Amino acid sequence: MPVIDVAVPVPLRQTFSYTCESKLAAGVRVSVPFGRRQLIGVVTASYDDPPGADDSTPALKPVSEVLDEQPLFDRTLLSLTDWLASYYHHPVGEVWATVMPSRLRKGSPLSDKSPAYTLTEAGEQEALSKTLKGKKQLECIALLASGPMAQEEVKSRFSSAVLKALEEKALITATTIAHKASADWSSFTLQQTPPTASTEQGVAIAAINQQAHHFVPYLLDGVTGSGKTEVYLQVIEPVLKQGKQVLILVPEIGLTPQTVGRFERRFGITVGVLHSQMTDLARLNVWQQARRGELGIIIGTRSAIFTPLKRPGMIIVDEEHDESFKQQDGLRYHARDLAVKRAHSENVPLILGSATPSLESLNNALNKRYTHLTLSQRAGGASHTQLKVLDSRDQPLHAGIAQGLVSIMRSHLQQGNQVLVFLNRRGFAPAVICHHCGQTVDCKSCERPFTYHKSQGRLQCHHCGASRRLPEQCGECHSHDLQTSGIGTEQLEHGLGTLFPDVKQVRIDSDAVKGKDKLITRLDEINARKYQLLVGTQILSKGHHFPHVTLVVVLDCDGALFSADFRAAEKLAQLITQLAGRAGRANKPGEMWLQTDNPGHPLLQDLINNGFAHFARQALQERKLALLPPYSSQAIFRAEANEAGLALNFLQQVRDCYRPSVNAAKGGFIGPLPCLIEKRQGRFRFMLVLQCPQRGALHSWLKHHLKEVESLPLANKVRWSLDIDPVDLS
DNA sequence: AGCACGCCGACT
DNA sequence: GTCGGCGTGCTC
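These numbers come from a predicted model, not from an experiment.

A. The arrangement of the overall build of chain A in detail. Counting its secondary structure elements, chain A contains 21 helices and 35 strands. Across chain A, every contact between residues at least 6 apart in sequence was considered, and the portion connecting residues at least 24 apart equals 75%. Of the roughly 32,400 Å² that chain A leaves accessible, carbon and sulfur atoms contribute 50%.

Take a look at the structure:
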C-alpha cells in the first residue's frame, strides 16, 4: 500500500507517515488521526513502498480523508516551504500552518464559488412594488433584480449600512456564485496619463524594463519625495500588459486606502489587498483570486509573500528596511528575504525600495549582487530639511525638552507653523548618562554602557553579563547628576501642555490611535491645521507627509546611541532621515533638531554633515571590522520560564551543546543574558546569541545539535525558540 | 501544542 | 471514600 509523509500542525521537527489508497501529490491536504485527535496536515512526499524496514517501525495508520484533488501550492511555493523549514530550523507542520490562509488550515474546501448577494422572495416582490423608503436601498434592490452579484462588487457600490439594513429586512441574503472566468486585466487602459519621469526616474525605469523577463534584484535607493512609487507604477505597466501579476509588499502601517487607491486609479483595475485585520474569509478570497490569476496587482503586508500567483511577473518590497517585514514569533521569517528567494525561483525581477535601505540590502547593492538604482532628487525641487544638533548638557529640561529648544519651538509656533515632537519610545533600556559631562557609565571590559535594570536597581552589561550597583557619581567628572534617559509620550504630552497652554496639541502613538480609521482622521486633521503641536512615536515617521510642519524635534537620541543592540544606531539614522523627509515643502523649508547630551557623537555628526548614504557606508565599515551582520550570521536562542534559573540553565546547557563546534570555527557566543525586557507576563526571559562569519557553518551547527537541545530535560520545562537572522536583539 | 495517564491533597 | 491538582510522555 502506498505511504505518504504528512506535515501536521504540531511543534515537532518531523513528518508522520500514513498509508493511503493511492499516491498523493505534495501540497494536498489530508485529515489524519493523530494520537486521540484528528488533524489536518499537508502531504510532503509519497512512496509506493515505504522506505523504512517494516518490522521495527510502528504500524502506520491510514489517512482518514483526502481534502484536495489538486495540490494547494505550485512547485515554487512547495520548495519555498521546504526551504523555510530547513533555513529557520522550524517544525514543518507549523511552517505549513503559517504559509496557508487560516481557512484552509481549518479544512475549508477550495471552492470555485465566491460570496455573493441575491434577492430573497420578499426582495423580488420589493423590486416590483418599490415600497421601500430608502433611496439607496431601492437602488440596491434594482441592481440585484437582474441576478445574484459578487459581494465585493455590491460592497463597492453600497455602504455596509445599506446592505445591513436590507439583510435585516430579509430582502437580500448572502449566497455564493461561481467565480468569474479569469478576468483579463491585461487589456486595461491607463486611467491617468503618467507624469513625465525625471531623468533619474527615467534611468531606473529603463533599467528595470530592459530586463523584465528574468530574475534581477534591484535596490531602488531613493530619498523621500523622489518618486519611488511613480517608478513602481511605470515599471508595473508593461508587466500587466503582458498579462502577468505583480506582488507588492508594504509595511504594516503603510498599507492605507490611499496607497491602494493610487494603483487602482492609475490602471483602473481591481487591486487585491491582504493585511492582518481582514477576516479569514476575505483573505481566502483574495488568495484564491490571485491563485486563479484574476488579480493583476496584489498589495499586502508581510504574510502576503505566500500568496500564490498564476502568472508571476514582478515582486516589489516597498520600504524594505522596515522591521515589520520580520515576523517576531512562531516562524520568524523575514518577508524581504523571502521575496528575494521567491523572485529568484519564479525568475522575475525584484525591486527593493527605500529612502533608508537596510545595511543588509545596501551591502548587497555595493557588492553588486543587486543592481543599485539611485534617486537623489526630490520631485518639484523641494528643499531638504536642515538637520541640527542641540547640546542639552547642563541645560534645564522642561518635560524632557532643553531650554534652548523650547525657545526655538516657541518661535515656530508663534509664526503659526506646526511643530512635531518625536520621542523614540522603542524598547531600549536607557543608559545611565552624566547630565554634566555626557559620560555614560560603561562596563570596563566591554567599553560599552551598562544597561539600567530597574527591577533590580542594578547596572548590567549586556555584552559580558557583568553586573554592578548603580554608582553615586560620574566616574569622569564626579558629578552626582547621573540620569537615566527616557520619558514616555504621555508624560511629554502633559509637560508640553504646561509649556504651551494655548497651543492645540495631538498625540499620535499606538495607544492614542487604535484602528486605521482613527489614524487617518487624525492625520487629515493635522494637515487641515486643527492642531499645531504634534507629539508622537514611530507612526509619524512612516509614509505621511506634513507640509505645515517646519520644525521637527527629536528627543532622547542618547538611548539609541548607546544601546546594547548594535542595530540601534542604524535604526536611529533611518528614523531621523525618514522624519526629516516628512516635514516642510518647497516654499516652507523645515528644520530638525536632535536633542542630545552627546553632540559630538561621530554617528550624529556623520549623519547631519554627510547624510544617510554616507552614514550607512560608514556603518557598514564598522560592521565589517567588528564582524557583525551582514558580515556574519547570527541566531538567537531565547528561553522564558517562571523561574529565572530554569531559563538561564537551559541556555547554558544549549551553549554547552554548541561550544565544541563554535570554538572550532571562528564563531562566538553572546550570553546567555537577560533580555532587555527581562520579565514579561511573569516569566523571566533570557537569550543566547550564536554568531559566525560563515552562514553555512552556523546553519550546520544548528542543524547538527538541535536534536540534543530538544532532548535536554529542561527543554520541556521552559518555553524556548530559535530566531535566525534576528533584527531585534532585545 | 494537545491530550492522555498518573499519583497526592481537601471536599460531599 | 472521590474530585482534581499539574508533572511527564507520546503522537505515524
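B. Seen up close, the side chain of Q578. Within the secondary structure layout, Q578 lies in helix α18 (residues 568-580). Beyond its immediate chain neighbours, meaning those up to four positions away, Q578 contacts E319, H321, A355, T356 and S541.

C. How the structure looks around the sheet that holds strand β12 (residues 271-274). The strand order across the open sheet formed by 7 strands is β12-β13-β11-β14-β15-β10-β16, and the pairing between neighbours is parallel. Looking along the sheet, the strands with just one partner apiece sit at the ends: β12 and β16 (371-375). Each strand axis lies, on average, 20 degrees off the axis of its neighbour in the sheet, ignoring direction. As paired elements, strand β11 (residues 245-249) and strand β13 (residues 297-300) share 4 bridges and run parallel to each other. Within β13, the residue paired with L249 across the bridge is G300. Strand contacts of helix α12 (residues 335-346): β11, β14 (312-318) and β15 (350-354), with the helix running at about 160 degrees to β14, the strand carrying the most contacts.

D. Up close: helix α11 (residues 280-292). Taking 1.5 Å as the rise per residue, α11 with 13 residues should run 18 Å; its terminal C-alpha atoms sit 18 Å apart, in good agreement. If you check which residues of α11 are buried, you get L284, N285, V286, W287, Q288, Q289, A290 and R292. Phi turns positive one or two residues past the end of α11, at G293, with a value near 80 degrees.

E. Representation of the protein's contact with DNA strand B in the model. Taken together, P11, R36 and R37 make up all the residues around DNA strand B. Contacts to DNA strand B include R37, whose side-chain N or O atom sits 3.4 Å from a base nitrogen.

F. Inspection of the packing of aromatic side chains at higher detail. Counted according to the given criterion, the structure contains 11 aromatic pairs. Each ring, one from F73 and one from W96, has its centre 5.3 Å from the other, and the planes form 55 degrees; the classification is tilted. Of this pair, F73 sits in the loop between β6 (65-66) and α1 (75-87) while W96 is found in helix α2 (residues 92-99), placing the two residues 23 residues apart along the sequence. The two residues F73 and W96 agree in class, both being buried. Where F650 meets W720, the ring centres are 5.8 Å apart and the plane angle is 40 degrees; that geometry is what we call tilted.

G. Region of the structure containing the packing of helix α5 (residues 135-144) against helix α7 (residues 160-168). The N-to-C vectors of α5 and α7 enclose an angle of 75 degrees; their axes lie 10 Å apart at closest approach. Considering their axes alone, α5 and α7 lie roughly perpendicular with respect to each other. Contacts from K136, Q137, C140 and I141 of α5 reach α7 at V162, L163, A165 and L166. Of the residues in the contact of α5 with α7, the class split is 6 nonpolar, 1 polar and 1 charged.

H. Up close: the environment of Q403. Its place among the elements puts Q403 in helix α14 (residues 403-414). In this structure Q403 comes out as partly exposed when scored by relative accessible area, which is 35%. As for Q403 and S392, which are separated by 11 residues in sequence, their C-alpha atoms are 8.2 Å apart.

I. Region of the structure containing the protein's contact with DNA strand C. Taken together, L12, Q14, F16, S17, Y18, P33, F34, G35, L60, K61 and K717 make up all the residues around DNA strand C. Backbone atoms, meaning sugar and phosphate, make up 48% of the atoms of DNA strand C lying within 4 Å of the protein. Contact distances for DNA strand C include 3.4 Å between a phosphate oxygen and a side-chain N or O atom of Y18. Between a phosphate oxygen of DNA strand C and a side-chain N or O atom of K61, the distance comes to 2.5 Å. Mapped onto the surface near DNA strand C, the elements with two or more residues apiece are β2 (16-19) and β3 (29-34). Broken down by element, the surface near DNA strand C gets its largest block of residues, 3 residues, from β2. Partitioned by chemical class, the residues of the surface near DNA strand C number 6 nonpolar, 3 polar and 2 charged.

J. Region of interest: the UniProt feature "binding site: Zn(2+) 2" (unreviewed entry) in chain A. Following the UniProt record, the feature "binding site: Zn(2+) 2" (unreviewed entry) maps to C443, C446, C461 and C464 here. Tracing the chain through its elements places C443 in strand β22 (residues 442-443).

K. Layout of the pairing of strand β4 (residues 37-47). Sheet topology note: the strand β1 (residues 3-7)/β4 ladder contains 5 bridges and is antiparallel. For D5, the partnering residue across the bridge sits in β4 and is A45. Relative to β4, β3 runs antiparallel, the two sharing 6 bridges. Within the sheet, the bridge partner assigned to V30 lies in β4 and is G41. Counted between consecutive antiparallel strands, the loop separating β3 from β4 contains 2 residues, among which G35 sits at a positive phi close to 60 degrees.

L. Highlighting the pattern of salt bridges. This structure, assessed with the given rule, holds 26 salt bridges. Ionic pairing is found between R29 and D68, a salt bridge with its closest N-O pair at 2.8 Å. Within this pair, whereas R29 is found in strand β3, its partner D68 is found in the loop between β6 and α1, the two being separated by 39 residues in sequence. Taking relative accessible area as the criterion, D68 reaches 9% and is therefore assigned buried. Notably, a salt bridge pairs E320 with R336, separated by 2.8 Å at the nearest N-O pair. In this pair, E320 sits in the loop between β14 and α12 while R336 sits in helix α12, placing the two residues 16 residues apart along the sequence.

M. Structural detail: the sheet that holds β4. Pairing is mixed across the open sheet formed by 6 strands, whose spatial order is β5-β2-β1-β4-β3-β6. Each edge of the sheet is formed by a strand with only one pairing partner; in this case those strands are β5 (61-62) and β6.

N. Looking closely at the pairing of β12. Note: β12 against β13, 4 bridges, orientation parallel. The residue bridging G272 from the neighbouring strand is I298, located in β13. In this fold, β12 hands off to α11, which returns the chain to β13; that crossover is right-handed.

O. The arrangement of unusual backbone geometry in detail. With an omega of 5 degrees, the peptide bond between P629 and P630 qualifies as cis. When you line up the elements, P630 lands in the loop between α19 (602-626) and β32 (633-641). The phi angle at N347 is positive, at roughly 60 degrees, despite the residue not being glycine. Locating N347 in the fold gives a position in the loop between α12 and β15. Residue class for N347 comes out partly exposed when judged on its relative accessible area of 39%. One non-glycine residue, L627, lies in the positive phi region at around 50 degrees. Looking at the element boundaries, L627 is found in the loop between α19 and β32. A relative accessible area of 42% places L627 in the partly exposed class.

What counts, and at which threshold
- Residues numbered from 1 in each chain as written.
- Chains lettered and ligands numbered in written order.
- Predicted model: local features only at pLDDT ≥ 70, side-chain atom pairs only at ≥ 80, totals over all residues.
- Heavy atoms only, no water.
- Helix = DSSP H or I, 4+ residues; strand = E, 2+ residues; numbered from the N terminus.
- Contact = heavy atoms within 4.5 Å.
- Areas by Shrake-Rupley, 256 points an atom, 1.4 Å probe, with all protein chains shown as cover.
- Pairing = 2+ DSSP bridges.
- Axes fitted to C-alpha atoms, helices over the stretch in contact; angles between N-to-C directions.
- Expected span 1.5 Å × (residues − 1).
- Buried < 20%, exposed > 50% of the residue type's maximum accessible area, 1.4 Å probe, protein only.
- Near = heavy atom within 4 Å.
- Polar contact = N/O pair within 3.5 Å; in protein donor to acceptor, adjacent residues only side chain to side chain.
- Phe/Tyr/Trp six-rings, centres within 6.5 Å; stacked < 30°, edge-to-face > 60°.
- Parallel < 35°, antiparallel > 145°, perpendicular 65-115°, else oblique.
- Nonpolar A, V, L, I, M, F, W, Y, C, P; charged D, E, K, R; others polar.
- UniProt positions renumbered as here; feature names shortened; annotations may be inferred.
- Salt bridge = Lys/Arg side-chain N within 4 Å of Asp/Glu carboxyl O.
- Right-handed = clockwise from strand over helix to strand, strands pointing away.

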